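# Fold and contact review
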Amino acid sequence: MTTAKKKKVWLYIGKIIIGLLLGIAWAFMSISFGWSDFTKNWISPFGDIFIRLLKFIAIPLVLFSIVSGVASLKDISKLGRVGAKDFVCLVVDDNICCDSRFGNCESRKTG
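Residues numbered from 1 in each chain as written. Predicted model: local features only at pLDDT ≥ 70, side-chain atom pairs only at ≥ 80, totals over all residues. Heavy atoms only, no water.

### A few points about the overall build of the chain
- A tally of regular secondary structure across the chain gives three helices and zero strands.
- Secondary structure elements in the chain, listed N-terminal to C-terminal, are α-α-α.
- Taking 2.2 N^0.38 as the reference for a compact globule, 111 residues should give roughly 13 Å; the C-alpha atoms of the chain span a radius of gyration of 22 Å, well beyond that estimate.
- With respect to the principal axes defined by its C-alpha atoms, the chain has extents near 65 × 50 × 25 Å.
- In the chain, which comprises 111 residues, the proportion classed as buried is 2%.
- Here the chain has roughly 10300 Å² of accessible surface; of this, 72% comes from carbon and sulfur atoms.
- Distance between charge centroids for the chain: 13 Å, based on 15 positive and 8 negative side chains. (Helix = DSSP H or I, 4+ residues; strand = E, 2+ residues; numbered from the N terminus. Rg over C-alpha atoms; globule rule 2.2 N^0.38 Å. Buried < 20%, exposed > 50% of the residue type's maximum accessible area, 1.4 Å probe, protein only. Areas by Shrake-Rupley, 256 points an atom, 1.4 Å probe, with all protein chains shown as cover. Lys, Arg positive; Asp, Glu negative; His and termini not counted. Charge placed at Lys NZ, Arg CZ, Asp CG, Glu CD.)

Pasting the structure below:
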């Protein structure tokens, strides 16, 4: 990686960190100055639209990646082994997510 590319990557990381810090500052100011209604009514819809656009891009990308991966298999007997590995990863990932969610709720005595 050249130094110009490294510098460009660090600029992107810096912009992301600055945006995060500004968002945190806005949240604290919104709470302390009573701007919660403004934030909910005017700023929140832009965030919702952004998340929906990310889903709009990510779901077809994942779907077509899976389809092209299956289509590129030369030996169809490997499909069962790949599917089994994928299923095991899915179950393990779901268990980790559910355990962390339930652990978080239990530690806070919510739900």
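Structure shown, so let's carry the discussion forward.
### Digging into the packing of aromatic side chains
- The full count for this structure, using the stated rule, is three aromatic pairs.
- Members of the aromatic cluster, connected to one another through ring pairs, are W26, F33, W35 and F38. (Phe/Tyr/Trp six-rings, centres within 6.5 Å; stacked < 30°, edge-to-face > 60°.)

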